[in-house]
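# A structural walkthrough
Given next are the chains, with one letter for each unit.
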Amino acid sequence: MRFRLTDDQRALRDGVRGLLARRFDGAALRTAADAPGLDRSLWRELGAAGFFALRLPERDGGVGLGLPETVLAFEEAGRVLLPGPLVATHLAAGKVAGAAGGETVVTAVLGGLVEWLAGADVVQGDAEGAVPLRSVDPLTPVHRVPRVPKFSRRVAEAAGVPVPPAVADGADAVSRAGAAATDAGGVSGAGAAATDAGGVSGAWAVTGADGVSGAGAAVTGAGGVSGAGGVSGAGGVSEVDVVTGVDPVAVLLTAAEQLGTAGRTCELAVQHARTREQFGRPIGAFQAVKHLCAGMLVRTEVARAAVYAAAVTVEPADIAAARLLADEAAVRGARDCLQVHGGMGFTWESEVHLHLKRAWVRARRCGAVTESEELLAADLLA
Amino acid sequence: MDLAHTPEEEEFRVRLREWLAKVLPALPPKPSPDDWPARRAYDLGWQRMLHDAGYAGLHWPVDAGGRGATPTQHLIFLEETEKAGAPYVGANFVGLLHAGPTIAAEGTAAQRARWLPPVLRGEEVWCQGFSEPDAGSDLAALRTRARRDGDHYVVNGSKIWTSHAEVADWCELLVRTDPDAPRHRGITWLAMPMDAPGITVRPLRTLAGSAEFAEVFLDDVRVPVANRVGDENDGWRVTMVTLSFERGTAFVGEVVACRRVLAELAVAARQNGHWDDPVLRRRLGRLNAEFRALWRLTQWNVSEAEASGGGTGGGGVPGVGGSVFKLRYSHARQELYDAAADVLGPDSLDLDRPWVLDRLSALSYTIAAGTSQIQRNIVAERILGLPKGR
């Protein structure tokens, strides 16, 4: 067992950190917060550095690395609050022309939300009728999609994706509940089924209940072409008893970004606590402040172990666990960091609020937290 | 970064599993929690079985009589014994996990030869004489005095919260040998025989109702100078070695047990209908995330220890990372048994039901081996580098 970073992985992490420090430092973040917009040249630089093509095989022009390396890169992106639909573009590499090289910016409908809808060249999923929100995060424009992408056990079976018996119960309940069913138990069914089938993207990519009940032409989704084929072939599928489906890799990479925020906000808090003086001493000497910082580190380290392990196992329950712990570490970390900064933390000038707001956006990105909790609950009975 | 085991590690697991399947059915029934002599005999008996099968001191260095196993093998050992329902270290806890490793790291050749083999063979039980009524979390405030009298120390004072004191043969005892020195610099680490004249042990009842630990009164107890581990007045450094063992490795096997309990809770909840409550169900789901992550953190720490040549197998000392784990784990354990109470409903008030006593004993986890508040100070000062303060 060598559950630690290899030298190559350290080098990769340091390389990404160096690139981002040069290309998107604190000043750039501040500028972007005041005048948001997608920096196409930065996007192309990321592409040239292989950020989007990390998992693409070398024969296809990619870097040929795995999920653990990708997670490290996304953690770094999360640390510096790199803006843009990074996850969707990464997932589109090799499937959408230009995505791997950063020439084409791809976004996706993820759990009823779509980020950077207007700024992207290609949209994965059904974004029809999307409504713009006045985004809480100045760096992440968000649209809400009226029709949540759906996926059901019945669709999975029609697509030839086996559903493990342990999770079939939950999915059955969803079927019975009918069209309005959004029981997250069914999500776990779909996710587990998809992963077990080895065709993660395939099964999860079936989006849009309308597409399924129709001719199947509307079945799109991030790289789920193989799954879609199965569905469109099964013309008899007319059920709309379906639930949300999000690519588990998108969940994991989002968790990696959250981990980046958790680590960064812990550092910012500690830096401030060491230098800011009140009552004649650094505030970090006060136990109340010390304990806030210790809590941040503990949450970060627990989340790190969960995220890295999920990158190795790619098990749905591990990914769901990584998501829950990384969300907690990021959101509470940013909040506590703001608290340590006191009144300064409540100003626009401090970058702390940007971390908190981005953490909130990411926590909503891949469906509800309750879905991950339900998946993990179902896992206990598996 | 991987979680795969080597063929040797897998072979080790298979052999261990086979051995456990063979010996566990023949074990005598577990004694009552209040019957200390029976518990001592039971725990020592299990240690002897481990010794005879070559599993004693798995994580100890070879020159200390251990097996010099890799930290990963130790992890597999804890995982498999827990999964198979094997006895926990019990009364051998202090000897195997704190005192033994400390003597292995800091003791002389003669001390190692005298004290380590009986621990491994399941012949002697140790207890921990650290805490005092006025020196719990503030351990360096301890007042128990030892003055030199020829080749002996004469010890006076008292200790409290001493687990297994009633049935222990030896006590890892901290005493103040220089009352005039700064408080961290006047402490010495002694191995005290529990049958020495002048020792009185008075059992203390815990809130769980059982006599889990004791007060120990020391009245002119003579301890040979030869029983001193480390230099005189250098006991604080030796103690830090002991404590890092306590925090770094002592709880590892319990995470596996918690994961088993959690799965049992889910089954129980489905049987009694509470599973239909989405709030409870999701809470169990969250606990699943928690204990999965704690297990992964354990694997991470073990891998790091192995790579740095540290960890227990190489005789190295675990780092302060143990504080991170201990902090999170001790709270998670309490949340687990609180969830158990909600699965049980009104039955959670019945001491005869499973998990109810566990819920009570879990209350000690955020206090024992350094309170959560002390652990947070350690994390803040030693890992994050924040200034010392109060």
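Residues numbered from 1 in each chain as written. Chains lettered and ligands numbered in written order. Predicted model: local features only at pLDDT ≥ 70, side-chain atom pairs only at ≥ 80, totals over all residues. Heavy atoms only, no water.

The subject of this paragraph is the confidence of the model for chain B. Residues and elements named next belong to chain B. On average, residues of chain B score 91 in pLDDT, and 95% of them are at 70 or above. Put simply, helix α6 (residues 235-249) is where chain B has its lowest mean pLDDT, 72, and strand β8 (residues 228-229) is where it has its highest, 98. Considering only residues more than four positions removed or in separate chains, one finds that residues 311-318, a stretch of pLDDT under 50, has 25 contacts. (pLDDT = per-residue confidence, 0-100. Helix = DSSP H or I, 4+ residues; strand = E, 2+ residues; numbered from the N terminus. Contact = heavy atoms within 4.5 Å.)

Time to look at the interface of chain B and chain A. With 52 residues of chain B in contact, the opposing surface of chain A contributes 52 residues. Between chain B and chain A, roughly 4700 Å² of surface is buried when both sides are summed, and carbon and sulfur atoms account for 64% of that area. Taken together, the links from chain B to chain A amount to ten salt bridges. The partner of Arg292(B) in a salt bridge is Asp379(A), with the nearest N and O atoms 2.8 Å apart. Applying the counting rule to chain B against chain A returns 23 residue pairs in polar contact (both at pLDDT 80 or more). Secondary-structure elements contributing two or more residues to the side of chain B that touches chain A are α3 (71-83), α7 (252-272), α8 (278-307), α9 (321-344) and α11 (372-383) of chain B. At 20 residues, the largest contribution of residues to the side of chain B that touches chain A is made by α8(B). Looking at the side of chain B that touches chain A residue by residue, the classes come out as 25 nonpolar, eleven polar and 16 charged. (Buried area = accessible area lost by both parts, 1.4 Å probe. Salt bridge = Lys/Arg side-chain N within 4 Å of Asp/Glu carboxyl O. Polar contact = N/O pair within 3.5 Å; in protein donor to acceptor, adjacent residues only side chain to side chain. Nonpolar A, V, L, I, M, F, W, Y, C, P; charged D, E, K, R; others polar.)

All right, on to the packing of helix α4 (residues 67-79) of chain A against helix α12 (residues 248-275) of chain A then. Residues and elements named next belong to chain A. Across the interface, α4 lies against α12 with an axial gap of 7 Å and an inter-helix angle of 45°. The orientation of α4 relative to α12 falls into the category oblique. Crossing of α4 over α12 shows right-handed handedness. Every residue of α12 that contacts α4 at Leu67, Thr70, Val71, Phe74, Glu75, Gly78 and Arg79 is listed here: Val249, Leu252, Leu253, Ala256, Glu257, Leu259, Gly260, Thr261, Gly263, Arg264 and Glu267. The residue inventory of the contact of α4 with α12, partitioned by class, reads eight nonpolar, five polar and five charged. (Axes fitted to C-alpha atoms, helices over the stretch in contact; angles between N-to-C directions. Parallel < 35°, antiparallel > 145°, perpendicular 65-115°, else oblique. Left-handed = near helix turned anticlockwise from the far one by under 90°.)

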